[in-house]
Amino acid sequence: MRLLRSFCTFRSLFIQRQTTKQQRRGLSGAAMRLVQFCHHGDGGVTRVGVEQGEGLGVVDLKAFDPSMPSTMRGFLELGAAGLECAQRALSSGRCVVVRSDIQLLSPITAPEKVIGVGLNYRDHCLEQNAPIPKEPIIFSKFPSAITGPYDDILLPAESQEVDWEVELAFVIGKRGKHIKEEDALSYVAGFTVANDVSARDWQMKRNGKQWLLGKTFDSFCPLGPALVTTDAVTDPHRLAVSCLVNGDVVQSSNTDQMIFKTQALVSWVSKFVTLTPGDVFLTGTPPGVGVFRKPPIFLKRGDVVQCQIEQLGSIINKVI
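Residues numbered from 1 in each chain as written. Predicted model: local features only at pLDDT ≥ 70, side-chain atom pairs only at ≥ 80, totals over all residues. Heavy atoms only, no water.

Draft legend 1. Local environment of the nonpolar core. Judged by nonpolar contacts, the single largest core of 83 residues is most densely connected at L34, F75 and L223. The dominant element in this core, judged by the number of residues it contributes, is strand β10 (residues 166-172), at six residues. With residues near it in sequence (within four places) discarded, L34 still touches G49, V50, M72, F75, L83, A86, P107, A226, L227 and T229. (Core = buried A, V, L, I, M, F, W, Y, C linked by side-chain atoms within 4.5 Å. Buried < 20%, exposed > 50% of the residue type's maximum accessible area, 1.4 Å probe, protein only. Helix = DSSP H or I, 4+ residues; strand = E, 2+ residues; numbered from the N terminus. Contact = heavy atoms within 4.5 Å.)

Printed below as a string of structure tokens:
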């Protein structure tokens, strides 16, 4: 009887640990680089694919399985079934398109929400002598601000102070409200690179100093190049992050400087709104932005901005 009781106790503990481990892992359970793309000359029809590796060929999921959605948001709404299909497609080696035949789009388009986090890097707070926030500072960008990893940034005539902000972004993979912090990673589909382009005059001086208009001009949210599933990222809070303007390094830090990590942000925001598949979080920027330089430096036409994050890749956008 004692032996049986001991076995039952051990089994219960094992199941509990495995469940906890699964909760703390990402949504996919597999390491993949998911992309949205369109074929050249195909009229801009969106497809979802899986990269064979960073910069390598892309497996066209709809060609592999015609029942697959044509957008990342639709794909994520399938949950585990979509991710399992992507794994099978990647393993098959079939339906591969070469990179020269396609254009990579933002890995997510038309999300329900784009959620930004202000002052979320300790070293960024220090550069502007700002106190460390005691709770996340949340703002939003309109989804129409999203553009692709290699698309142009449109310099608006209404602003003279357009700035760069390299950021780690993550995308929600399943619906949730009042999410516990210990369960939060199971709601995350993956990570990508973002540039939270910002018109500082509209952010800091106009519109009642509400941030929205300064953050949400068209093309002010380049994303990409891929949605890297959580299981493909060793530790999202220990990644080198940098931004270059015309080849010169202007930001260089590490995501270990983040004040509120991914789990805390998911839990906090889900207190207020229901998170849905495709929702994008921009997690804050490190020091080195143009507005706090002496004298300030802002983007001008012809500039090329490259944002890169270890294990995720880089996005390169020309200012026009």
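Draft legend 2. Here's a closer look at the packing of aromatic side chains. One pass over the full model with this rule turns up five aromatic pairs. Ring centres of F170 and F191 lie 6.2 Å apart, and the angle between their planes is 65 degrees; this geometry places the pair in the edge-to-face category. Taken together, the positions of F170 in strand β10 and F191 in strand β11 (residues 188-195) put the pair 21 residues apart, joining distant regions of the chain. Under the relative-accessibility criterion, F170 is labelled buried at 0%. (Phe/Tyr/Trp six-rings, centres within 6.5 Å; stacked < 30°, edge-to-face > 60°.)

Draft legend 3. Up close: a nonpolar patch on the surface. Taken together, the side chains of Y150, V304 and I316 make up a nonpolar region of the molecular surface, amounting to roughly 230 Å² of accessible area. Looking at the element boundaries, V304 is found in strand β17 (residues 304-309). (Patch = residues over 30% accessible without salt bridge, like charges linked within 9 Å, V, L, I, M, F, W, Y side chains within 5 Å. Areas by Shrake-Rupley, 256 points an atom, 1.4 Å probe, with all protein chains shown as cover. Salt bridge = Lys/Arg side-chain N within 4 Å of Asp/Glu carboxyl O.)

Draft legend 4. Geometry of the pairing of β10. Within β10, seven of the seven residues are buried, leaving the element largely enclosed by the surrounding structure. Because side chains alternate across β10, one face comprises the buried residues V166, L168, F170 and I172, and the other comprises E167, A169 and V171, equally buried. Of the strand pairs in this sheet, β10 and β11 are connected by seven bridges, and their pairing is antiparallel. Note on β11: the bridge partner recorded for F170 is F191. Bridge analysis of β10 against strand β16 (residues 280-282) gives three bridges, and the strand direction is antiparallel. Within β16, the residue paired with A169 across the bridge is L282. (Pairing = 2+ DSSP bridges.)

Draft legend 5. The arrangement of unusual backbone geometry in detail. Put simply, G224 and P225 share a cis peptide bond, and its omega is -5 degrees. Tracing the backbone through its elements, the reader meets P225 in strand β13 (residues 221-229). The step from K294 to P295 runs through a cis peptide bond, and the omega angle for that step is -5 degrees. Relative to the helices and strands, P295 resides in the loop between β16 and β17.

Draft legend 6. Region of the structure containing the pairing of strand β15 (residues 248-254). Of the pairings in the sheet, the one linking strand β14 (residues 240-245) to β15 comprises six bridges and is antiparallel in character. Each residue of the ladder has a partner; that of S242, found in β15, is S252. Count of turn residues in the β14/β15 antiparallel hairpin: two residues, of which N246 carries a positive phi of about 55 degrees.

Draft legend 7. Local environment of the pattern of salt bridges. The full count for this structure, using the stated rule, is 14 salt bridges. Residues E165 and K215 are paired through a salt bridge, measuring 3.3 Å at the closest nitrogen-oxygen approach. In this pair, E165 sits in the loop between β9 (162-163) and β10 while K215 sits in helix α7 (residues 212-215), placing the two residues 50 residues apart along the sequence. The class for E165 is buried, based on a relative accessible area of 5%. Here K215 and D196 are joined by a salt bridge, their closest N and O atoms 2.8 Å apart. Linking K215 in helix α7 with D196 in the loop between β11 and β12 (198-199), this pair joins segments that are 19 residues apart in sequence. Across this residue pair, the class does not change: K215 and D196 are buried. Via salt bridges that share partners, K141, D163, E165, D196, R200 and K215 belong to a single interconnected network.

Draft legend 8. Here's a closer look at helix α4 (residues 80-92). In a regular helix each residue adds 1.5 Å, so 13 residues correspond to 18 Å; α4 covers 18 Å between its end C-alpha atoms and thus fits that length. Among the residues of α4, those classed as buried are G82, L83, C85, A86 and A89. Angular distribution of buried residues about the axis of α4 spans 160 degrees; they occupy a single face of the element. What points out from α4, more than 90 degrees from its buried face, is the exposed set A80 and S91. Those residues of α4 that are buried are in contact with β1 (33-39), β2 (47-51), β3 (58-60), α2 (61-64) and α3 (72-77). Directly beyond the C-terminal end of α4, a positive phi value near 75 degrees is found at G93. (Expected span 1.5 Å × (residues − 1). Arc of directions from axis to C-beta.)

Draft legend 9. Structural detail: the environment of T262. Checked against the element boundaries, T262 lands in helix α8 (residues 262-269). C-alpha separation for the pair T262 and P133, spaced 129 residues apart in sequence, amounts to 16 Å. T262 has contacts with F170, L185, V188, F191 and H237, leaving out every residue within four places of it along the chain. Among the polar contacts listed, one links the side chain of T262 to the side chain of H237, at a separation of 3.0 Å. (Polar contact = N/O pair within 3.5 Å; in protein donor to acceptor, adjacent residues only side chain to side chain.)

Draft legend 10. Broad picture of the sheet that holds β14. Strand order in this open sheet of four strands is β15-β14-β17-β18, and the pairing throughout is antiparallel. With partners counted over all chains shown, the strands left at the sheet margins are β15 and β18 (313-318), one partner each. On average, adjacent strands in this sheet sit at an angle of 10 degrees to one another, irrespective of strand direction. Note: β17 against β18, six bridges, orientation antiparallel. Bridging across to β18, V304 finds its partner in K318. (Axes fitted to C-alpha atoms, helices over the stretch in contact; angles between N-to-C directions.)

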